[in-house]
Amino acid sequence: QGEYKAKNLTEAVIAPFKEFLTRDMAFTILFFVLLFKIGDGIAGSMYATYYVDLGYENHTIAEVTKGVGFISTMTGLAVGASLMYLWGINRCLLLFGSLQALSTLMFCFLPMLGFGYLPLASIVAFEDFSSGLGTTAMVAFISSMTDKRFTATQYALLASLSALGRTLFAGFAGSIVEWFKMGENIISGYQGLFILCTFIAIPGLFLAYRIQKHASELKQHH
């Protein structure tokens, strides 16, 4: 494929989108990109208030989320890149997505592990590590799905779609917590949210499985 030079705005925007829709499993890919991190993103919007309602001090929250969380995220990005190099992108999508969902569910158990630094740090570390894995996989997958003639436009469209779901629905997370709350027990509301977000991840995992199973049918452009 030679270099593509758009002559006008229509060719710059419509042509890349039209080319993508002609591919095998185009809509499977689009829905997967939309759903892969949606549960992780919705749950993540409530973590900070969850820690406060559990009774953690602000300095402890900052130390864990900015210190332990940062290191865990960077580790997840590095490990994710290494595993994709060894196993390939499509094989890693299901694994990384499953770990993302599991890490969301783990926040339900934080109150049962006792009020302390180690339980919080452990669960935050696992969540940020798995989120780093998922982010690495999504960036690599989106990159692999772009036609080299339309790389910038297609990547921008797919990346925006990836952020759309969690950006659009994260604003309802507080209402979901209130809906699940049992009486005055606000923690039960958070636990309901995290369980819901774990289930929300299932459609994305199913699509990841389909993509892995039919990897040979995907039109990838490296």
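For the structure, check the block above.
Residues numbered from 1 in each chain as written. Predicted model: local features only at pLDDT ≥ 70, side-chain atom pairs only at ≥ 80, totals over all residues. Heavy atoms only, no water.

K.L.:
Explain the overall build of the protein chain to me, and be specific about the residues and the numbers.
P.N.:
A tally of regular secondary structure across the protein chain gives 10 helices and 0 strands. Its helices and strands in sequence order give the protein chain the pattern α-α-α-α-α-α-α-α-α-α, from N to C terminus. Taken along its principal axes, the extent of the C-alpha atoms in the protein chain is 60 × 35 × 30 Å. Across the 222 residues in the protein chain, those meeting the buried criterion constitute 42%. Partitioning the contacts of the protein chain with sequence separation of at least 6, the portion at a separation of at least 24 is 80%. Here the protein chain has roughly 11300 Å² of accessible surface; of this, 67% comes from carbon and sulfur atoms. Taking the 14 positively charged and 14 negatively charged side chains of the protein chain as two groups, their mean positions are separated by 14 Å. (Helix = DSSP H or I, 4+ residues; strand = E, 2+ residues; numbered from the N terminus. Buried < 20%, exposed > 50% of the residue type's maximum accessible area, 1.4 Å probe, protein only. Contact = heavy atoms within 4.5 Å. Areas by Shrake-Rupley, 256 points an atom, 1.4 Å probe, with all protein chains shown as cover. Lys, Arg positive; Asp, Glu negative; His and termini not counted. Charge placed at Lys NZ, Arg CZ, Asp CG, Glu CD.)

K.L.:
Provide a residue-level description of helix 8 (residues 151-169), including the pertinent values.
P.N.:
A rise of 1.5 Å per residue sets the reference length of helix 8, with its 19 residues, at 27 Å; its end C-alpha atoms lie 28 Å apart and thus fit the reference within 8%. Of the residues making up helix 8, those classed as buried are Q154, L158, L161, S162 and G165. (Expected span 1.5 Å × (residues − 1).)

K.L.:
Please set out empty space enclosed by the protein residue by residue, giving values where relevant.
P.N.:
As enumerated under the stated definition, the model contains 1 cavity of 30 Å³ or more in all. Roughly 40 Å³ of volume is contained in the largest cavity. Every residue lining the largest cavity is listed: F36, I38, G39, D40, Q100, A101, T104, C197, T198 and A201. Within the residue set of the lining of the largest cavity, elements represented by two or more residues are helix 3 (38-44), helix 6 (89-106) and helix 10 (186-213). Partitioning the lining of the largest cavity into residue classes produces 5 nonpolar, 4 polar and 1 charged. (1 Å grid on protein atoms, 1.4 Å probe; cavity = no way out; pocket = protein on both sides within 12 Å on 5 of 7 lines; lining within 4 Å. Points joined across faces, edges and corners; volume = space filled by probe spheres on them. Nonpolar A, V, L, I, M, F, W, Y, C, P; charged D, E, K, R; others polar.)

K.L.:
Residues and numbers for the layout of surface pockets, please.
P.N.:
What the largest pocket holds in volume is close to 280 Å³. Along its surface, the largest pocket is lined by 17 residues, and D40, G44, Y47, E127 and D128 are the ones closest to its centre. Looking at the lining of the largest pocket, the elements that each hand over two or more residues are helix 3, helix 4 (47-54), helix 5 (58-87) and helix 7 (117-144). Within the lining of the largest pocket, the residues separate by chemical class into 5 nonpolar, 7 polar and 5 charged.

K.L.:
Go over the environment of G132, please, and point to the residues and values.
P.N.:
With respect to the secondary-structure elements, G132 resides in helix 7. When the C-alpha atoms of G132 and A81 are compared, they prove to be 9.8 Å apart, with 51 residues separating the residues in sequence. The residues contacting G132, other than those within four sequence positions of it, are T73, G76 and L77.

K.L.:
Would you mind going over the nonpolar core in detail, with residue names and values included?
P.N.:
Ranked by size, the top nonpolar core spans 25 residues in total, and within it Y50, Y51, L193 and F194 carry the most contacts. Of all the secondary structure elements, the ones that give two or more residues to this core are helix 3, helix 4, helix 5, helix 7, helix 9 (173-180) and helix 10. Looking at this core element by element, the count peaks at 5 residues for helix 10. Sequence-distant contacts of Y50, defined by excluding residues within four places in its chain, comprise F107, C108, L110, P111, I187, Y190 and F194. Counting 22 residues, the second largest nonpolar core, distinct from the first, contains L30, F141, M145 and A208. (Core = buried A, V, L, I, M, F, W, Y, C linked by side-chain atoms within 4.5 Å.)

K.L.:
Break down the packing of helix 9 against helix 10 for me, citing the residues and quoting the values.
P.N.:
Running from N to C, helix 9 and helix 10 cross one another at 120°; their axes reach a closest spacing of 7 Å. Seen from above, helix 9 lies across helix 10 with right-handed handedness. Of the residues in helix 10, those in contact with A173, I176, V177, E178 and F180 of helix 9 are I186, S188, G189, Y190, G192, L193 and L196. Class assignment for the residues of the contact of helix 9 with helix 10 results in 8 nonpolar, 3 polar and 1 charged. (Axes fitted to C-alpha atoms, helices over the stretch in contact; angles between N-to-C directions. Left-handed = near helix turned anticlockwise from the far one by under 90°.)

K.L.:
Give me the lowdown on a nonpolar patch on the surface, citing residues and values where you can.
P.N.:
Where nonpolar side chains cluster on the molecular surface, the patch consists of F17, L21, F27, F31 and L157 and spans about 480 Å² of accessible area. Those elements that provide at least two residues to the nonpolar patch are helix 1 (9-21) and helix 2 (26-35). In this fold, L157 is placed in helix 8. (Patch = residues over 30% accessible without salt bridge, like charges linked within 9 Å, V, L, I, M, F, W, Y side chains within 5 Å. Salt bridge = Lys/Arg side-chain N within 4 Å of Asp/Glu carboxyl O.)

K.L.:
How would you sum up the packing of aromatic side chains? Please name residues and give values.
P.N.:
By convention here, two paired aromatic rings are described through the distance between centres and the angle between planes. For the coordinates displayed, the defined rule picks out 12 aromatic pairs. A ring pair is formed by Y47 and F194, whose centres lie 5.7 Å apart and whose planes are at 50°; its orientation type is tilted. With a gap of 147 residues between them, Y47 in helix 4 and F194 in helix 10 connect regions that are remote in the sequence. For the pair Y47 and F194, a shared accessibility class is recorded, and that class is buried. With centroids separated by 5.0 Å and ring planes inclined at 50°, the aromatic side chains of Y50 and Y190 adopt a geometry described as tilted. Remark: Y190 occurs in helix 10 and Y50 occurs in helix 4; sequence separation between them is 140 residues. Both residues of the pair, Y50 and Y190, count as buried. (Phe/Tyr/Trp six-rings, centres within 6.5 Å; stacked < 30°, edge-to-face > 60°.)

Just geometry here; none of it tells us what the structure is for.
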